[in-house]
Amino acid sequence: MSANTESQGGSKDTLLWGLVFIILIAAVVANYLYSDLAVFIRATGVVVAAGIAGLLAYQTQKGKSSFAFAKESRLEMRKVVWPTRQEAIQTTLIVLAVTALVGLFLFLLDGLLVWLVNLVTGV
C-alpha cells in the first residue's frame, strides 16, 4: 500500500514539475513572440507565470523540502555574528597585504628562474 501511495505521489510530482517547466518555457516564448508589446506588460506576464510555476513547484515534495530549507537557512542567518565595520576593513587590508606580498614573491621568483634559465641555456 505504501509503495502504491509513493508511486502516485511521484507521478503527481512528475506531472507538476512538467507543468512548471511548460509554464516557464511558455513565458520565455511568449516574451519573445510578443516583443512588440510594452516591456511592462511582458515583464508582468513573466512574473505572473513564474509565480504560478512557483506555486505549482511548492506543491511537490521537493518544493516543500526546498521551502523548509530556505526557511531554516533564514533562521540560521539571523544567528550569525557578523563582523563589525572595523573588523571587516582590517581583514580586507590583511588580505590585500598578503596578496601583494605573495605577488611580489612570485614576481621575484619568476625573475630568478628566467635568469637561471638564461644562464644555463646561454640565451
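About the thresholds
Residues numbered from 1 in each chain as written. Predicted model: local features only at pLDDT ≥ 70, side-chain atom pairs only at ≥ 80, totals over all residues. Heavy atoms only, no water. UniProt positions renumbered as here; feature names shortened; annotations may be inferred. Helix = DSSP H or I, 4+ residues; strand = E, 2+ residues; numbered from the N terminus. Rg over C-alpha atoms; globule rule 2.2 N^0.38 Å. Buried < 20%, exposed > 50% of the residue type's maximum accessible area, 1.4 Å probe, protein only. Areas by Shrake-Rupley, 256 points an atom, 1.4 Å probe, with all protein chains shown as cover. Expected span 1.5 Å × (residues − 1). Arc of directions from axis to C-beta. Salt bridge = Lys/Arg side-chain N within 4 Å of Asp/Glu carboxyl O. pLDDT = per-residue confidence, 0-100.

In the nomenclature of an unreviewed UniProt entry, the protein chain is known as Protein translocase subunit SecE of Zobellella iuensis. In its Sequence similarities (unreviewed entry) section, the UniProt entry covering the protein chain states "Belongs to the SecE/SEC61-gamma family." Checking UniProt for the protein chain, the heading Subcellular location (unreviewed entry) contains the comment "Membrane".

### Re the overall build of the protein chain
The helix and strand inventory of the protein chain stands at four helices and zero strands. Traced from its N-terminal end to its C-terminal end, the protein chain shows the element sequence α-α-α-α. Taking 14 Å as the expected radius of gyration for a compact globule of 123 residues, we find that the protein chain reaches 28 Å, considerably beyond that expectation. Structurally, the protein chain occupies a C-alpha span of about 75 × 45 × 40 Å along its principal axes. For the protein chain, the proportion of its 123 residues judged to be buried stands at 8%. Approximately 10,400 Å² of the protein chain is accessible, and the part contributed by carbon and sulfur atoms is 73%.

### Some points on helix α2 (residues 39–58)
Along its 20 residues, α2 runs 28 Å from first to last C-alpha, staying within 8% of the 28 Å computed at 1.5 Å per residue. For α2, the set of buried residues is Arg42, Ala49, Ala53 and Ala57. Across the axial projection of α2, the buried residues extend over an arc of 80°, all falling on one side. With respect to the buried face of α2, the exposed residues turned more than 90 degrees away are Phe40, Val47 and Leu55.

### Structural notes on the UniProt feature "transmembrane region" (unreviewed entry) in the protein chain
Taking the UniProt record as the reference, the feature "transmembrane region" (unreviewed entry) is found at residues 15–34, 40–58 and 93–117. Overall, residues 15–34 shows 95% helix and 0% strand. The separation of its end C-alpha atoms is 28 Å. Taken end to end, residues 40–58 comprises 100% helix and 0% strand; its first and last C-alpha atoms sit 27 Å apart.

### Quick word on the pattern of salt bridges
A full pass over the atoms with the stated rule returns one salt bridge. Taking the shortest distance from any N to any O, the salt bridge between Glu76 and Lys79 comes out at 3.3 Å. Placement of both Glu76 and Lys79 in helix α3 (residues 61–79) is noted, with a separation of three residues, approximately one turn of the helix. Accessibility expressed as a relative area gives 45% for Glu76, which makes it partly exposed. Of the residues examined, Lys79 reaches a relative accessible area of 59% and is grouped as exposed.

### Considerations on the confidence of the model for the protein chain
Should pLDDT be low for a region, the predicted coordinates there are not to be read in detail. Per-residue confidence for the protein chain averages 91 on the pLDDT scale, and 93% of its residues sit at or above 70. Between the elements of the protein chain, mean pLDDT differs from a low of 83, seen in helix α1 (residues 2–33), to a high of 97, seen in helix α4 (residues 85–121).

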